[in-house]
Amino acid sequence: MDRRAFIKSSCSACLLAAAGSLPEALLSCAPGAPYEADAPMGLLRIPESIFQETTVRIIRARTFDSDIALEKLGESSYRALILRCTHADNELTFTGSAFNCSLHGSTFDLQGTPTRGPARLPLRQLPLEVSAGMVTVHLPAG
Amino acid sequence: MNSALKGIAFAATILILARPTGALNAQTSDEKTTLGGYGSAMYQRDFNLKDATVDLERVVLFIGHDFSRKVSLVSELEMEDAKVSGGEPGGEIAFEQAYVKFALNADHSLVAGLFLPRIGILNEEHLPTSFNGNERTQVETYILPSTWRELGVGMYGRNDLLPLTWSFALVNGLNAAGFTHGSLIREGRFEGRNASANNLALTGALQYFQDQFRVQLSGYYGGTVGLPAAQAESLKLSPGPFGTPVVIGEADASYEISGFSFRLLGTLVSIPDAEQINQAYSNNTPRSAYGFYAEGAYNLLWSASQAADRQLVVFLRLEKLDMNSSVPANGISDGTLRQVHLIGGLGYFPLSSVVIKADVRFVTTGSPSEVILPVGFPSYQTSNTFLNVGIGFSF
């Protein structure tokens, strides 16, 4: 094999390897698919076991129009935030460590505090309770 | 004058009818109205001309209304330069956005009406509290004509597994007859007023997020001839939905960490049939143009408090653009459209919604063409300095 062919084949192999590992690398950054659940009587029940690999999960209630970010803060301690921008009610995108609004550019940290305007109010936090390995989030009426 | 009165009366009516409810009520009532807005005023001194101006650049009223959990209205009514008066230059009342949004599910929504396609950074994030400096970036003013809104339908979505969002839109195209030397395609926009629907445009964008990092790719492909086929062919222009196209590619990235923020953007515009456009309209349309910028900023108050409310941001931005990087055989290359801008300044936010800005912009350009006389000729200088001081707000 001459030098040119060697370089060409080596580069091709590297590119193929990189392309093959790209989806894995991207998925390793992924927040994970939303956990979907029903919310009978406005009560959303989520097993604590879904937090084995991450501290933040996006929860999607089938009867509620906004996603909810549920963060495990410690042993039996959680925070639930409604993922709607407090400026113009647009849905937010979870980036892994923040929530972004595409409508006017507001950003929020994991605590729900606005880190960039125009939003000034924090994200709405929902009451919850933990018992028997289940987190029960109380959805608002309406 | 009539248009001004109508605009004011319309805004006043909406304000009276609107129920200024906080977004927290979103989950307790299906129907609600949200009010918001933004505005900016700026003093600018031109050191070459030894002249200064001050202007209430724009005040925009945002009105959003949720008709139901799934259907909502987003609108922004803008007044530029404080006053519109018949027969006098300056001043404009226009809808910057007015569209209905249908939430198809938690990840996908459809919009229809007048909206801002996702191209570049500022087209969506155009609030004065969202960008550094009094002026919007030159690249996103003259190469990407922000704020660029057109009529059409768009799909917005996000991926459940990856922090990835996407958008596609079909909108009305541009008007090649409006292309103007010195502002590229900017004057070819219809912006929702009596737009030709014979020619169309497709736009799309892909955004990837990772923590405080965001990268975006976006594109535009659209026809520029809205004339009936017979008229277009008599001008030797290709008619049809995508005839005589404009093609735009754009990429940008932004990153924020510990009070620092960085932005990079690059864009290319291609008008392959520029020669035919020049034959038809004699407007010296270039075949291609490009622009890019890099910006770094630091919040000097970040270490004192991580709260968003009080900030003192110092920034530096370098922009390079060429509005005629290549011209067809019947075009004239104009060096004044090859520009480098260096902008540095401060932004003080007493609250995250209010900013006081001061910056200086140094610009250098190429030499003027012997055929096209620039503004200020014969005393045109290839370098100039502008001092800008202003205030902005959003709510």
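Visitor: Is there a simple way to explain the overall build of chain A in this structure?
Guide: A count of helices and strands for chain A gives one helix and 12 strands. In chain A, the succession of helices and strands from N to C terminus is α-β-β-β-β-β-β-β-β-β-β-β-β. Here chain A, with 142 residues, has 45% of them falling under the buried criterion. Pairs at least 24 residues apart make up 40% of the contacts formed inside chain A by residues separated by at least 6 positions. Total accessible area computed for chain A in this model is approximately 7,100 Å², and 56% of it derives from carbon and sulfur atoms.

Visitor: Can you help me understand the sheet that holds strand E2 (residues 43-47) of chain A in this one?
Guide: The pairing of strands in a sheet happens through backbone hydrogen bonds and is either parallel or antiparallel. Residue and element names in this part refer to chain A. Read across the open sheet, the three strands follow the order E2-E12-E11; overall the sheet is antiparallel. Single-partner strands in this sheet number two, and they are E2 and strand E11 (128-131). When strand polarity is set aside, the average angle formed by the axes of neighbouring strands in this sheet is 20°. Pairing of E11 with strand E12 (residues 134-138), which is carried by four bridges, proceeds in the antiparallel orientation. Bridge pairing in E12 links glutamate 129 to threonine 136.

Visitor: Can you walk me through the interface of chain A and chain B in this structure?
Guide: Note: interface size is frequently given as the accessible area lost on complex formation between the parts. Taken together, the 45 residues of chain A in the interface contact 42 residues of chain B. Taken over both partners, the interface formed by chain A and chain B buries close to 3,700 Å², and the fraction arising from carbon and sulfur atoms is 49%. When residues of chain A are sorted by the area they lose upon contact with chain B, A:His104, A:Arg116 and A:Arg120 head the list and together hold 16% of the total. Taken together, the links from chain A to chain B amount to 11 residue pairs in polar contact (both at pLDDT 80 or more).

Visitor: Help me understand the sheet that holds strand E4 (residues 68-74) of chain A, please; the structure alone is not making it clear to me.
Guide: With respect to topology, five strands assemble into an open sheet ordered E1-E3-E4-E5-E10 (chain A), the strand pairing being mixed. In this open sheet, the two edge strands, each paired with only one partner strand, are strand E1 (35-37) and strand E10 (125-126) of chain A.

Visitor: Can you help me understand a nonpolar patch on the surface in this one?
Guide: A cluster of nonpolar side chains, contributed by B:Phe213, B:Tyr255, B:Ile257, B:Phe260 and B:Phe262, occupies part of the molecular surface with about 430 Å² of accessible area. Of all the secondary structure elements, the ones that give two or more residues to the nonpolar patch are strand E10 (246-257) and strand E11 (260-270) of chain B.

Visitor: Just to check I follow, could you spell out the packing of aromatic side chains for this structure?
Guide: The description of an aromatic ring pair rests on the distance of the ring centres and on the angle between the ring planes. Residues and elements named next belong to chain B. One pass over the full model with this rule turns up 11 aromatic pairs over all chains. Against the face of phenylalanine 47 rests arginine 45, its NZ or CZ located 5.9 Å from the ring centre. Across the ring face of phenylalanine 131, the terminal group of lysine 357 is positioned such that the distance to the ring centre comes to 4.1 Å.

Visitor: So what exactly am I meant to see when it comes to the pairing of strand E5 (residues 77-82) of chain A here?
Guide: Every other side chain in a regular strand lies on the same face of the sheet, so the side chains alternate between the two faces. All names here are of chain A. Across the six residues that make up E5, a large majority, five, are buried. Between E4 and E5, which follow one another and run antiparallel, lie two residues, and serine 76 among them has a positive phi close to 55°. Bridge count for E5 against E10 is two bridges, and the pairing is antiparallel. Bridge assignment links alanine 80 to a residue of E10, and that residue is leucine 126.

Visitor: Hey, could you run me through the pattern of salt bridges in this one?
Guide: Pairs may arise between side chains of opposite charge once their charged atoms sit close together. Within this structure, the stated rule accounts for 21 salt bridges over all chains. Put simply, A:Arg116 and B:Glu256 hold a salt bridge, and the shortest N to O gap is 3.8 Å. Note that A:Arg116 is positioned in strand E9 (residues 114-116) and B:Glu256 in strand E10, a pairing that runs across two chains. Its salt-bridge partner being B:Glu275, residue B:Arg287 comes within 3.9 Å of it at the nearest N-O pair.

Visitor: Could you clarify how one ought to interpret the environment of B:Val247 in this entry?
Guide: Residue and element names in this part refer to chain B. Within the secondary structure layout, valine 247 lies in strand E10. Taking the C-alpha atoms as reference points, valine 247 and proline 272, 25 residues apart in sequence, are found 8.4 Å from one another. In contact with valine 247, other than residues within four places in its own chain, are Tyr220, Tyr221, Leu268, Val269 and Ser270.

Visitor: Would you explain the environment of B:Ala195 in this entry?
Guide: All names here are of chain B. The topology assignment puts alanine 195 in the loop between strand E7 (164-172) and strand E8 (200-210). Sequence separation between alanine 195 and asparagine 175 is 20 residues, and the spatial gap between their C-alpha atoms is 8.6 Å. Look past the residues within four positions of alanine 195 in its chain and what remains in contact with it is Asn172 and Phe190.

Visitor: So what exactly am I meant to see when it comes to the side chain of A:Glu48 here?
Guide: Residues and elements named next belong to chain A. Within the secondary structure, glutamate 48 sits in the loop between E2 and strand E3 (56-61). The buried charged residue glutamate 48 lacks any salt bridge, with lysine 72 as its nearest oppositely charged partner at 4.6 Å. Other than its neighbours up to four places away in sequence, glutamate 48 contacts Ser76, Tyr78, Val130, Gly133, Met134 and Val135.

How each quantity is defined
Residues numbered from 1 in each chain as written. Chains lettered and ligands numbered in written order. Predicted model: local features only at pLDDT ≥ 70, side-chain atom pairs only at ≥ 80, totals over all residues. Heavy atoms only, no water. Helix = DSSP H or I, 4+ residues; strand = E, 2+ residues; numbered from the N terminus. Buried < 20%, exposed > 50% of the residue type's maximum accessible area, 1.4 Å probe, protein only. Contact = heavy atoms within 4.5 Å. Areas by Shrake-Rupley, 256 points an atom, 1.4 Å probe, with all protein chains shown as cover. Pairing = 2+ DSSP bridges. Axes fitted to C-alpha atoms, helices over the stretch in contact; angles between N-to-C directions. Buried area = accessible area lost by both parts, 1.4 Å probe. Polar contact = N/O pair within 3.5 Å; in protein donor to acceptor, adjacent residues only side chain to side chain. Patch = residues over 30% accessible without salt bridge, like charges linked within 9 Å, V, L, I, M, F, W, Y side chains within 5 Å. Salt bridge = Lys/Arg side-chain N within 4 Å of Asp/Glu carboxyl O. Phe/Tyr/Trp six-rings, centres within 6.5 Å; stacked < 30°, edge-to-face > 60°. Lys NZ or Arg CZ within 6 Å of the ring centre and 35° of its normal. Lys, Arg positive; Asp, Glu negative; His and termini not counted.

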